[in-house]
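So you can see what is in the structure, the chains are spelled out below.
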Amino acid sequence: MKKNKIILVLIFLCFSVISSAQTSNELKKELTSKKDSIAKLQSKANQLQKEIDALPGWRKGAFGTIGASFSGFNNWYSRNAPNASAGNIGVTVNGFANLIEEKFFWRNSGGINLGWVKLDDKAIVGDEGFETATDVFTITSLYGRRINEKWALSALTEYRTTLIDNFNNPGFLDFGVGFTWTPTERLVVVMHPGNYNFVFSKGDANFQSSPGAKLVADYTASYYKLNVKSNVSIFTSYNNSNLSNWNWTNSFSYTLWKKIGVGFEFGLRNNKQEALNNALITNANATFDTADNKIQNYWLFGISYAF
């Protein structure tokens, strides 16, 4: 009798294991099928989004980064200033509004990068507020009349200056005409042999306007949760190479939750006129040849947001 019970129990366990294995395999097959269905639906959704993006009309977007750090020292004797506090705050915003039509386009973009820094040595009485560290403002407007799908006759206006300190002193305004090449929706290359670089300045600032050629390449894209924008702007003066300049900015943001994530931005600039103007502050006899024209740069890492 006991043997029969043991046999029945073993048979029941075997059926349970087999049934469980079958159920597990069936669930795995169903999960694989669901994943395949989701992948197909996502592929169709991506294709529909591409078709929507290709339709005429406005395309708008913006993203930016906020970075901040604060620190304090009390009786930290290894420092030259054992009692001090420090802080850094930075904000960047990049936005665009593009009207894309069959026969023409109108692309507009703007960028702001502002930064403040504070170093307060408690042993020294003086200004304890934040000072401007980074101050960049750029806005561009590009109109093009299509020759074909990739090429267009175009006119570009680009303005660069500072917002907080010395607004429009200097200010650089480029206006020119030529051709624009758009090999993809993400990449725009502007080639304008007819361009004039207006430079605005006040007081003793030493700046000159001149005609020249303008080359701009702008890349804007989104890869799943990653937003990328890279822009290089080059002006070559026909009058004197010392009046030429270039700017290159790169912005990245990765979404972690909803529209919030982490962002990084860095920029490079070379401008001999700005270098000379800075050298003249301490040396009235400075020239383009003697001024130390180093590559200007800034960077910011922090929390990003997107609209």
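Quick note: structure is the one above.
Residues numbered from 1 in each chain as written. Predicted model: local features only at pLDDT ≥ 70, side-chain atom pairs only at ≥ 80, totals over all residues. Heavy atoms only, no water.

A. Spotlight on the overall build of the protein. In terms of helices and strands, the protein carries two helices and 12 strands. By residue count, 33% of the 307 residues in the protein fall in the buried class. Taking all contacts inside the protein whose residues are at least 6 apart in sequence as the whole, residues at least 24 apart take part in 55%. (Helix = DSSP H or I, 4+ residues; strand = E, 2+ residues; numbered from the N terminus. Buried < 20%, exposed > 50% of the residue type's maximum accessible area, 1.4 Å probe, protein only. Contact = heavy atoms within 4.5 Å.)

B. Fine view of the side chain of Glu158. Along the chain, Glu158 falls in strand β5 (residues 151–161). Taking the relative accessible area as the measure of exposure, Glu158 reaches 2% and is therefore buried. Of note is the side chain of Glu158, whose polar atom sits 2.8 Å from the side chain of Lys214. Aside from chain neighbours lying at most four places away, what touches Glu158 is Ile139, Thr140, Phe172, Leu173, Asp174, Lys214, Val216 and Ser233. (Polar contact = N/O pair within 3.5 Å; in protein donor to acceptor, adjacent residues only side chain to side chain.)

C. Examining the environment of Tyr219 more closely. For Tyr219, the location among the structural elements is in strand β8 (residues 210–223). Owing to a relative accessible area of 26%, Tyr219 belongs among the partly exposed residues under this scheme. For the pair formed by Tyr219 and Glu185, sequence separation is 34 residues and the distance between their alpha carbons is 9.0 Å. Contact partners of Tyr219, with chain neighbours within four places excluded, come to Arg186, Leu187, Val228, Lys229 and Ser230.

D. Representation of the environment of Ser109 in the model. Mapped onto the secondary structure, Ser109 falls in strand β3 (residues 104–121). Once you skip the residues sitting within four places of it in the chain, Ser109 turns out to touch Gly95, Phe96, Thr138, Ile139, Thr140 and Lys229.

E. Examining the pattern of salt bridges more closely. Summed over the entire model, instances satisfying the criterion amount to eight salt bridges. Residue Asp292 is joined to Lys294 by a salt bridge in which the shortest nitrogen-to-oxygen separation is 3.7 Å. Judged on exposure class, the residue Asp292 and its partner Lys294 are both exposed. Through salt bridges with shared partners, one network takes in Glu158, Arg160, Asp174 and Lys214. (Salt bridge = Lys/Arg side-chain N within 4 Å of Asp/Glu carboxyl O.)

F. Just helix α2 (residues 272–279), in detail. All of the buried residues in α2 are Gln273, Glu274, Ala275, Leu276 and Ala279. Residues of α2 that are buried sit in contact with β6 (171–181), β7 (187–200), β11 (260–271) and β12 (296–306). Its side-chain oxygen 3.0 Å from the backbone nitrogen of Gln273, Asn271 forms the N-cap of α2.

G. Region of interest: a nonpolar patch on the surface. A cluster of nonpolar residues, Tyr254, Leu256, Trp257, Ile260, Val262, Trp299, Phe301 and Ile303, forms a patch on the protein surface that exposes about 910 Å² of accessible area. The set of elements that each furnish at least two residues to the nonpolar patch consists of β10 (245–257), β11 and β12. In this fold, Val262 is placed in strand β11. For Val262, a relative accessible area of 35% puts it in the partly exposed group. (Patch = residues over 30% accessible without salt bridge, like charges linked within 9 Å, V, L, I, M, F, W, Y side chains within 5 Å. Areas by Shrake-Rupley, 256 points an atom, 1.4 Å probe, with all protein chains shown as cover.)

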